[in-house]
Structures are given as structure tokens and as C-alpha cells.
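Here is how the chains run, residue by residue.
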Amino acid sequence: MIERAITASLPAKWVTADEAYGQDSKFRTWLQQHRVGYVLAVPRNQRLPTTAGNSRPDVLAANAPALAWKRRSCGTHADLAVTAAHATPRQKGALARPAD
């Protein structure tokens, strides 16, 4: 569906998807190759590539410095902590639900 939309030149700059798609490395690679930005859910135990090697997202979030995170409200009782804004498809970042 996304491939058809991009091929049809629909003005999609980014996509979101749940864990089913977030676990699919071929899907992420396709999005990167087509310069489509994305926010994909992944399970906390999935290993993700980083510049320092593969790591789990829960470990990355736990080790990020406090100043790297900005709290953003998504409605009542639905805050997210955000680091590294997704301004372009080449930038990477993380969204996490705060523990508190």
C-alpha cells in the first residue's frame, strides 16, 4: 500500500506503523531507500543498529542523558519523552513512554 502511494507520487513525507511492521528490517530498509521518514513501534527486546553496534531500545533509552529528552504531551495521561527530532528521513531518534 505504501509502495503504491509513493509510486503514485502522493505527497507522503513519513509513515507510522505498529510493532508488526517495526520488526520488519526489510520494511525499514525500503523506507530508507525511498527517503520516507518513519516512526515505527518496536518491542523493547528488539536489537536495533546504532553507530556503536546493535542495541535494544530499552537500553538506549535508559542510557540517554536526561538533557537529550524533551517531554511532549499527547493528551491527558499520554505523555511521551522524545529525543532527536525527525526533521528528515536521515535523522534518527526515539520516542519512549516515561516510567513515571
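Residues numbered from 1 in each chain as written. Predicted model: local features only at pLDDT ≥ 70, side-chain atom pairs only at ≥ 80, totals over all residues. Heavy atoms only, no water.

Helices and strands together make up the secondary structure of the protein, namely 4 helices and 7 strands. When the elements of the protein are put in sequence order from the N terminus, they spell out α-β-α-α-β-β-β-α-β-β-β. Split into buried and exposed, the 100 residues of the protein put 20% on the buried side. Carbon and sulfur atoms make up 54% of the accessible area of the protein, which totals about 7800 Å². (Helix = DSSP H or I, 4+ residues; strand = E, 2+ residues; numbered from the N terminus. Buried < 20%, exposed > 50% of the residue type's maximum accessible area, 1.4 Å probe, protein only. Areas by Shrake-Rupley, 256 points an atom, 1.4 Å probe, with all protein chains shown as cover.)

By volume, the second largest pocket amounts to about 180 Å³. Every residue along the wall of the second largest pocket is listed here: M1, I2, E3, T16, A17, Y21, F27 and W30. When contributions to the lining of the second largest pocket are tallied by element, the ones reaching two or more residues are α1 (2-7), β1 (14-17) and α3 (25-33). In the lining of the second largest pocket, the residues fall into 6 nonpolar, 1 polar and 1 charged. (1 Å grid on protein atoms, 1.4 Å probe; cavity = no way out; pocket = protein on both sides within 12 Å on 5 of 7 lines; lining within 4 Å. Points joined across faces, edges and corners; volume = space filled by probe spheres on them. Nonpolar A, V, L, I, M, F, W, Y, C, P; charged D, E, K, R; others polar.)

On to α3, then. F27, R28, W30 and L31 are the residues of α3 that are buried. Each buried residue of α3 sits inside an arc of 160° when the element is viewed along its axis, so together they form one side. Exposed residues lying more than 90 degrees from the buried face of α3 are K26 and Q33. A side-chain oxygen of the first residue of α3 lies 3.0 Å from the backbone nitrogen of K26; this N-cap is D24. A positive phi of about 55° marks R35, the residue just after α3. (Arc of directions from axis to C-beta. Polar contact = N/O pair within 3.5 Å; in protein donor to acceptor, adjacent residues only side chain to side chain.)

Moving on, we come to the packing of aromatic side chains. For the structure shown, the criterion picks out 1 aromatic pair. A centroid spacing of 5.4 Å and a plane angle of 55° characterise the contact between Y21 and F27, whose relative ring orientation is tilted. (Phe/Tyr/Trp six-rings, centres within 6.5 Å; stacked < 30°, edge-to-face > 60°.)

What follows covers the nonpolar core. The biggest cluster of nonpolar side chains holds 8 residues, and these are V15, A17, F27, W30, L31, V36, Y38 and L40. For this core, the secondary-structure elements that each account for two or more residues are β1, α3 and β2 (37-40). Top contributing element to this core by residue count: α3, with 3 residues. (Core = buried A, V, L, I, M, F, W, Y, C linked by side-chain atoms within 4.5 Å.)

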